[in-house]
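The chain contents come next:
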Amino acid sequence: GELGLDIPRLKSSPTYLNKRKRQFMSTSTRRLLAIPKSFCIIDPHVHYWTPQHFSWLEGLRTSGDWKANSGREFLPSTYLEETRPLNIEQTVHIQANWTGEDCVGETEWEQQLAGKKRNMGHPHAICSYAPLHRPQEAEEILERHFAYPNFRGIRFMLDFDQNTPEMCQTDRDYINDPEFLSGMKLLNDYQGQIFELQVCQSQLTRAAELVSKFPDLNFILNHAGFPLSGEEKRVQWLEGINAVAQNENAYVKISALGMWEGGWSGVDKITGTIEDTLLAFGPNRSMFASNLPIDKEVTGDAVGIFDDFYRAAKGKLKLKMQDIEALFFHNASILYKLHCKHGDNLRDNNAPEVWGGYGVLDDKNNR
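Calculation notes
Residues numbered from 1 in each chain as written. Predicted model: local features only at pLDDT ≥ 70, side-chain atom pairs only at ≥ 80, totals over all residues. Heavy atoms only, no water. Helix = DSSP H or I, 4+ residues; strand = E, 2+ residues; numbered from the N terminus. Buried < 20%, exposed > 50% of the residue type's maximum accessible area, 1.4 Å probe, protein only. Contact = heavy atoms within 4.5 Å. Areas by Shrake-Rupley, 256 points an atom, 1.4 Å probe, with all protein chains shown as cover. Salt bridge = Lys/Arg side-chain N within 4 Å of Asp/Glu carboxyl O. Core = buried A, V, L, I, M, F, W, Y, C linked by side-chain atoms within 4.5 Å. Pairing = 2+ DSSP bridges. Axes fitted to C-alpha atoms, helices over the stretch in contact; angles between N-to-C directions. Left-handed = near helix turned anticlockwise from the far one by under 90°. Nonpolar A, V, L, I, M, F, W, Y, C, P; charged D, E, K, R; others polar.

Engineer: Outline the overall build of the protein chain, listing residues and values.
Structural biologist: Helix and strand content of the protein chain: 12 helices and 8 strands. Taking all 367 residues of the protein chain together, 59% fall into the buried category. Taking contacts inside the protein chain between residues at least 6 apart in sequence as the whole, the part at least 24 apart equals 78%. Accessible surface, the protein chain as shown: approximately 15300 Å² in total, 47% of it carbon and sulfur.

Here you go:
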């Protein structure tokens, strides 16, 4: 098929062909991969954690929820093993509700992981939490975060919708809160850094106004704005992501599709959402991300997440290879200030125009 592998014909024995196929197959589902083994990937949304350091995982593991198994220990060595058939160059750890009063502990611990030889530098970038709704406290915390070389920005989860309490990640809506906006100004003053923007789809149009207030921050919309099923909800989501995308300092990560509905798996289910997201943001302001370990519970296979993205981009949407490279690698390398050995091979005209900002990630309860 168009996305299948061209098995060499010079060696046609069944033994050779079977061996050749296995080199490109996912280890858990044994699927024949469309994505080339040498294709370079930066994964801009991963959670490295243990129940010891992120105690809320214990509750997740016993919840009976479809995501329960993702509450296991997940370290860079785990990630590298589960994605072994892929060429993952670098990863970015995203805030995950650190246990303890000092949120800088998350950055410190992730930086220690990156320094261990067996982890091969993962995570190469870190986004953590700061209490932006308490700006006087946040100012000192930001200074301490930035003492760590891999630190890149903040995620203060803003997800709040009274009609869907299961989706709320905070106690109230902070988007227009004066104290929170003062904290955001602290970030804006740093210029060129990242704010990981996570909201419910019902908040997207107001989130667009937030982005416009801080032009020197790079806002990265998490999980494509959490699209939901149903025609009315789809219209709301489309209106919202297009509003956010009107801001030139707004970017998007395509991941966790259908997360609040048990996840959408398979190329046919995700291609339409990918296409709509790319129509809003364009390929130069979009990135594919795994959201591991959580999204593995949708596909049952970590490798399959990226393989499905590749099949959708190349096979279904027929994107140009330079746009596919931008989605899988180049945009993340620019935004997260990463320097990979394959970077020189990528086309400079794919680089997004980076505007400004600062970032630090958030805690689920905004402690």
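That was the structure; now back to the text.
Engineer: How would you explain the pattern of salt bridges if you had to name every residue and give the values?
Structural biologist: Within this structure, the stated rule accounts for 15 salt bridges. Note that Asp 102 is salt-bridged to Arg 144, the shortest N-O span being 2.7 Å. Here the residue Asp 102 occupies a position in the loop between strand 2 (87–94) and helix 4 (104–115), and Arg 144 occupies one in helix 5 (residues 135–145), the gap between them amounting to 42 residues. Among the residues examined, Arg 144 registers a relative accessible area of 31% and is labelled partly exposed. A salt bridge links Asp 173 to Arg 206; the nearest nitrogen and oxygen atoms lie 2.4 Å apart.

Engineer: Residue-level account of the nonpolar core, with values.
Structural biologist: One broad trend across soluble globular proteins is that nonpolar side chains are buried collectively. Counting residues in hydrophobic clusters, the biggest one holds 49 residues, and the most contacted among them are Ile 274, Phe 309 and Phe 328. For this core, the secondary-structure elements that each account for two or more residues are strand 1 (40–46), helix 2 (56–61), helix 4, helix 9 (267–281), helix 11 (302–316) and helix 12 (321–335). Beyond its immediate stretch of four places on either side in the chain, Ile 274 contacts Ile 254, Leu 257, Phe 288, Phe 309, Ala 312 and Leu 317.

Engineer: Quick rundown of the sheet that holds strand 8 (residues 286–288)? Include the residues and the values.
Structural biologist: Within the open sheet, the 8 strands sit side by side as 1-2-3-4-5-6-7-8. Their pairing is parallel. The open sheet terminates on both sides in strands that have one partner only, identified here as strand 1 and strand 8. For this sheet, the mean angle separating the axes of adjacent strands, direction not counted, is 25 degrees. Bridge analysis of strand 6 (residues 218–221) against strand 7 (residues 250–254) gives 3 bridges, and the strand direction is parallel. Paired with Phe 219 across the two strands is Ala 250, which belongs to strand 7.

Engineer: So what's going on with the packing of helix 8 (residues 231–245) against helix 9? Which residues, and what values?
Structural biologist: Closest axis-to-axis distance for the helix 8/helix 9 pair is 8 Å, and the angle between their directions is 35 degrees. Two packed elements cross with a definite hand, and for helix 8 against helix 9 that hand is right-handed. Counting all contacts with helix 8, which are made through Arg 234, Trp 237, Leu 238, Ile 241, Asn 242, Val 244 and Ala 245, the residues of helix 9 involved are Gly 272, Thr 273, Asp 276, Thr 277, Ala 280 and Phe 281. Of the residues that constitute the contact of helix 8 with helix 9, the class distribution is 7 nonpolar, 4 polar and 2 charged.

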